[in-house]
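# Per-entry structural report
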Amino acid sequence: MIDKKTLDQHGLTEDEYGLIVGMIGREPNLTELGIFSVMWSEHCGYKSSRVHLKKLPTEGKHVVQGPGENAGILDIGDGQVIVFKIESHNHPSFIEPYQGAATGVGGILRDIFTMGARPIAVLDSLRFGPPDDPKNRSVMEGVVSGIAGYGNSIGVPTVGGEVYFNPCYDLNPLVNVFCLGLADKDKIFYAKAEGAGNKVLYVGAKTGRDGIHGATMASAEFGKETEHKRPNVQVGDPFKEKLLLEACLEVMDRGRIVGIQQMGAAGLTCSTTEMAAKGGMGIVVDLDKVPQREAGMTPYEILLSESQERMLIVASPEKVAAVQEVFAKWDLDAPVIGEVVEGGRARISFKGEVVVDIPVDAVVNLCPAYNRPSRAPAVLPNPADLPPLPLPGDYADVFLKLLASPTIADKEWVFRQYDHMVQVNTAFLPGADAALLRIKGSKKALAVSLDGNSLYTRLDPKTGARIAVAEACRNLVCVGARPVGVTNCLNFGNPEKPEVMWQFEQAVDGMAEACRAFGIPVTGGNVSFYNDTEGLSIHPTPVLGIVGILDDIRKAVRPGFKATGDAVVLLGENMEELGGSEYIRIVHNLEAGAPPAMDLEREKRLQEFLLEAMGAGLVRSAHDLAEGGLSVALAECAFHGARKTGCEVDLTDTFRPDALLFGETQSRIVVTCRPANLGRFLKMAAAGGVPAKSIGRTGGRDIAVRQQGRELFRVPVEKAYRAWKDALPNFFKVRT
Amino acid sequence: MKVRILVSFKDSVLDPQGQTVKNALHTLGYAAVKDVRQGKVFELELEGATKKEAETLVPEIARRVLANPIIEKFDWQIIKDR
Amino acid sequence: MKVRILVSFKDSVLDPQGQTVKNALHTLGYAAVKDVRQGKVFELELEGATKKEAETLVPEIARRVLANPIIEKFDWQIIKDR
Amino acid sequence: MKFGVVQFPGSNCDFDTFHVLRNVMKRETALLWHKDHDLQGVDCVVLPGGFSYGDYLRSGAIARFSPLMQEVKAFARAGGHVLGICNGFQILLELGLLPGAMIRNKNLKFLCQHVRIRIENEKTDFTRAGRKGQVLRIPIAHFDGNYYAPARVLKDIERHRQVVFRYCDAEGNITEEANVNGSLGNIAGIRNREGNVLGLMPHPERASEALLGSEDGRTIFASLILSLERRKPARRPVRRERARHD
Ligand SMILES: Nc1ncnc2c1ncn2[C@@H]1O[C@H](COP(=O)(O)OP(=O)(O)O)[C@@H](O)[C@H]1O
Ligand SMILES: [Mg+2]
């Protein structure tokens, strides 16, 4: 009955089918095959990535929960924990940008509140094709308003993120959404179905035919007609999710439930089998009791639907009424659809007949893992790849061009659409090196940063990944926070291509190395493969989400210049590195060379020193150097500062001026100090083994940079500011 | 000429707005209302277009700009001949 | 019975959405479009209501709930008799 | 005095407002559930921001029907103080306790940013802690904050000095550029004629702690405290504003 064609449609190989038959002791029926197909899909089963993800460090003294649950959990003291995770919603966001992005937010929020935490912040990492193409603009408009539409409505602030533009995302935008939640340590909940006889409750939106994945559809009964009825795109309902959020937190707060799981990818199938497997139990479900939006749905459709805003709850029989009472208060039904049983099997019935009877362990835990062949690309980029580059004639011109490059330009056009202040915790609004959130009732604050430069990772995946970790940490340190935990979203092409697999391996290695070096555990993440359209893979794009803690929020440091006359100090060492820079991409039209080097030990010393100096009260402002190098960093310090104070800087390095101004050498930070503190600051740096040089003064209305006394450029802050500020909005001006 | 274009979610697509309006109407005691679907309506004033031209122009505009064919459907009619 | 209720801004109220759609259409070269007004459409499934009952019920619902009389007007019709 | 913050399904500034009134302004504050009929003896009802009922029909359109709002209406007509912030303002408009309506922001985008508003009338129970012409820096966060009223109504509002706040620039000038959402007359907040009901789009609760960048929002809460603690409100009957609905 199950033929090769059906297997293909379900994305299963014959070998995998053989495994399934072996595990259940007979041929599966179509519904059962559907279940295996989604649970053993790359997305849910991590078939190609699992062997590599094992290399990531996951232990640490604050780790309460590492990878394997909906989100990672870290202890932050005072009886509180933080819960955080990042997820991708790339393909749905390309098909329907608004709804794709909106439901991406909805999904990650559920991951967080499922664990008993109140979501307190969202960050989004976005990658689009260049905005001069109207198609890319329309994707971007849709994605941004989708994130806004969902996040704003539900009342979780979107406090930060990043946006990069590159033609490799023309047909494959990336939408990665991170969410951070806060919970009491004694009120954490897990996706576990325990206790035979406990009831299984279904809460939230009704199940419709939406989101049943095209690749997993099969057989004659799914003809054109039904295909038409089954849009792959789900419409999000943030209002319903808000009710779910409040109701779930309330039942959890009152201790009325045993376990809880959101229905995300693979919907009811995933949530029921996973909960049973984690509790070491079996589960029976009666599909007739599942609230349905459409008439005539088959068991296959009900089980595989990815309708949004649904949760599964396990509660003891005595508490069912009390649970239902809370949901009723929030205008939600919570019907009992099944029961936890002994025996480790999922037995699902429909119209009185058992339609699924399979061991949950096989579905959830025994998905095969592959060590797919990997191969380094024939030509590896190296520094010698860079052709001799002519020096630009006018550095001011290049400076302004870089500031207006969409990747570097101000992103207010984006974050102005996000409610970034609701919940009244946002101490640093979007635009600073890291988002900073106070914790009410304590002096502590949480800092979060997302980072990932895919140009670097394309040129050298390992170095690129190490830089991504280092830079996200550096961002946190710049506001005064100590990094404590990592989540990551690995966006790659087709893993069946050996070159892509090689990129993946390298990136994971680099990430693992860097996380070890900084002593920060990875508590979770997400892998998004198959980001290929028309045979072309995106640049490998690992996105790091790192959370940090600041013990005293009054000590937080901002990026902007504080006052006129402060000493501008450059921490770290300038080097002649142009490979992978935004400068050579924009000005010389090249994506080539080797990315900047990353010496993890040096980076660590830098970050330790800065935290120490901040602790001693010596730092007035701090800003990390990234895309666009030193010149752009100085400009940003001026833009964010009080009254747009400028600066006069003189550098002693003797190499190419363009590399000095625009090169992206790592492990550098621009700091300002009061002149009176400068001596102490520099001495402390020397003691910490960190190169530090006083390079100038804040003040004036210009940003001026000299090299050994020769002026490279002098640009009024206001002019630079307009170039940076207006670039993105100009693309979106309504043309009449 | 004036044309009216109605854009609404395809039947199988969740319509949270319509659902919420329905619930509100129930709360207010309008029990007779069994279902509500909410959509958008656009009224376009066309100048110098013949009926025949409108018949190609309007569906094109609806498909390209007004409706999102992935989740929405549309319907249109001429409401003023000239 | 199925009824359709169209809610749109009164003529005196500026309709920023309609304006934006018009501009977008002009940018795309649809010069024939002289004006665009955007509104909302509600389709209500009524059970057990006669035509006569609908004639009081529907305008009441529209006035009380669906439209804001300060800025909006409405219009309705029966689109399916039963 | 005692504040009450109403919770509707979809409210999302309820806890923020509660936090500020209780922990920053240090006044007794109750959360009021929309399905209840009990105002718990509060002296001032605050309708918080958010997306009540998802704002699906129109902002504030469905929340106005909730059981508690019938009590709030009666409370306001009896002279009780009601403050509507953002979505709360929209609800007050829909309810008819304040004149006018909200349409989409002129740029058709959600706007979250700090704005400046000028106190137009410092002789109200909501502004007496401020000065005439004082410029407050307070954030907005809304999609539908473009205030509209028919010409005749607008004239009425102006004549009775019901405009309490207007969007302005840093120097207090009422400019087109400062009018971020396109509101008629740069209107950011209005009161009813009797002066016991105020609605405003900016979020004073987001500007009540130095840590969050501005404390200007406290002026409004402090004014209420000043007004209500000085004299228990005279419960004078209030004429119905622009009666409509029900
Ligand atoms: N890149 C990654 N790094 C670390 N852990 C990961 C990564 N990708 C996935 N994980 C972890 O693997 C587990 C399986 O994820 P799961 O929740 O089943 O899938 P999904 O992310 O689709 O919800 C999760 O705990 C997740 O945090
Ligand atoms: Mg998951």
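To keep things clear, this report deals only with the structure shown in the data block. Numbering of residues begins from 1 in every chain and follows the order in which that chain's sequence is written. Chains carry letters from A onward and ligands carry numbers from 1 onward, assigned in written order. In keeping with the model being predicted, local features are shown solely for residues with a pLDDT of at least 70 and side-chain atom pairs are shown and tallied solely at 80 or more, while totals for entire chains, interfaces and linings include all residues. Only hydrogens and water are removed before side-chain values are computed, so all heavy atoms of the structure are retained for them.

### Some remarks on the overall build of chain A
In terms of helices and strands, chain A carries 25 helices and 28 strands. Both definitions apply: the radius of gyration is a C-alpha atom measure, and the globule rule equals 2.2 Å times residues to the power 0.38. Rg of the C-alpha trace for chain A: 26 Å, near the compact-globule value of 27 Å for 736 residues, within the 12% margin. C-alpha atoms of chain A, sized along the principal axes, occupy 85 × 55 × 55 Å. Whether two residues are in contact is decided by their heavy atoms, any of which lying within 4.5 Å being enough. Relative to all contacts within chain A whose residues are 6 or more apart in sequence, the contacts with residues 24 or more apart total 84%. A run of H or I in DSSP counts as a helix once it spans at least four residues, and a run of E counts as a strand once it spans at least two, with each numbered from the N terminus.

### Here's the deal with the nonpolar core
Residues F327 of chain A, L44 of chain C together with L83, Y147 and F165 of chain D are the most contacted members of the largest nonpolar core, which totals 157 residues. Broken down by element, the residue count for this core peaks at nine residues, all from helix α10 (residues 238-253) of chain A. In these notes, a set of buried Ala, Val, Leu, Ile, Met, Phe, Trp, Tyr and Cys residues joined through side-chain atoms within 4.5 Å is what counts as a nonpolar core. Accessible area is worked out with a 1.4 Å probe on protein chains only. A residue is then buried under 20% of its type maximum, exposed over 50%, and partly exposed in between. Core analysis: the second largest hydrophobic core is formed by 49 residues, L30, L33, I212 and I348 of chain A among them.

### Details of unusual backbone geometry
You will see that S667 of chain A, though not glycine, has its phi angle at about 55°, which is positive. By the element assignment, S667 of chain A lies in the loop between α23 (657-662) and β25 (669-673). S667 of chain A gets classed as buried once you look at its relative accessible area, which sits at 5%. Located in the positive-phi region is Q40 of chain D, a residue other than glycine, with phi close to 50°. As for its placement among the helices and strands, Q40 of chain D is situated in the loop between β2 (28-33) and β3 (44-47).

### A short note on the pairing of strand β1 (residues 2-9) of chain B
Two faces make up the sheet, and in a regular strand the side chains alternate between them. Residue and element names in this part refer to chain B. Of all eight residues making up β1, six are buried, and the element is well covered by its neighbours. Paired strands are those between which DSSP finds at least two bridges. As judged from the seven bridges shared by β1 and strand β2 (residues 33-46), these two strands associate in the antiparallel manner. Paired with K2 across the two strands is E45, which belongs to β2. Of the pairings in the sheet, the one linking β1 to strand β3 (residues 72-80) comprises eight bridges and is antiparallel in character. Its bridge partner lying in β3, V7 is registered against F74.

### A short note on the relation of the copies chain B and chain C
When the copies are superposed, the least-squares fit draws on C-alpha atoms of residues that have pLDDT of at least 70 in both. Take chain B, turn it by 180°, move it 0.0 Å along the axis, and it overlays chain C with an RMSD of 0.2 Å. Both copies are brought into coincidence by an operation consistent with a two-fold rotation axis. Closest approach to the rotation axis within chain B is made by the C-alpha atom of K40 of chain B, at a distance of 2.2 Å. By residue overlap, the copies meet face to face through one surface: 100% of the interface positions of chain B are interface positions in chain C.

### Describing helix α1 (residues 16-27) of chain B
One less than the number of residues in a helix, times 1.5 Å, gives the span that helix is expected to have. End to end, α1 of chain B covers 17 Å across twelve residues, agreeing with the expected 16 Å (1.5 Å per residue, within 8%). Within α1 of chain B, the full set of buried residues consists of P16, G18, T20, V21, K22, A24 and L25 of chain B. Against α10 of chain A, β1 and β2 of chain B together with β2 (33-46) and α2 (51-66) of chain C lie the buried residues of α1 of chain B. G29 of chain B, located one to two residues past α1 of chain B, shows a positive phi value of around 95°.

### A closer look at the sheet that holds β2 of chain D
Residues and elements named next belong to chain D. Spatially, the nine strands line up as an open sheet ordered β2-β1-β3-β4-β11-β10-β9-β6-β7, and their pairing is mixed. The open sheet has two free edges, formed respectively by β2 and β7 (135-142), since each of these has just one partner strand. Averaged over all pairs of adjacent strands, the angle between their axes in this sheet comes to 25°, without regard to strand direction. In this structure, β3 lies alongside strand β4 (residues 81-85), joined through four bridges in parallel fashion. In the sheet register, V46 faces β4, and the bridge partner there is L83. Working convention: axes come from line fits to C-alpha atoms, limited for helices to the stretch in contact. Angles between N-to-C directions cover 0 to 180 degrees.

### Digging into the interface of chain B and chain C
Of the residues lining the interface, 29 residues belong to chain B; the matching set on chain C comes to 29 residues. What qualifies as a polar contact is a pair of N or O atoms within 3.5 Å, subject to a donor-acceptor requirement within protein and to the restriction that residues adjacent in sequence count only when both atoms come from side chains. In this structure, the connection of chain B to chain C is made through 14 residue pairs in polar contact (both at pLDDT 80 or more). If you list the elements that add at least two residues to the side of chain B that touches chain C, you get β1, α1, β2 and α2 (51-66) of chain B. Residue contributions to the side of chain B that touches chain C peak at 14 residues, all from β2 of chain B. The sheet contact formed by β2 of chain B and β2 of chain C spans 13 bridges and is antiparallel. Among the inter-strand pairings, F42 of chain B is bridged to a residue of β2 of chain C, identified as Q38 of chain C.

### With respect to the site of ligand 1
All names here are of chain A. Proximity is defined per residue: any heavy atom of the residue falling within 4 Å of a molecule or strand makes that residue near it. Close to ligand 1 lie 16 residues; Y46, G68, E87, N488 and G525 are nearest. Taking E69, its main chain carries an N or O atom lying 3.0 Å from an oxygen atom of ligand 1. Note on areas: Shrake-Rupley with a 1.4 Å probe; residue coverage comes only from the protein chains shown. Coverage of ligand 1 by the protein amounts to 85% of the 540 Å² it exposes when considered alone. Elements represented by at least two residues in the shell around ligand 1 include exactly β3 (80-88), β17 (482-491) and β18 (522-528).

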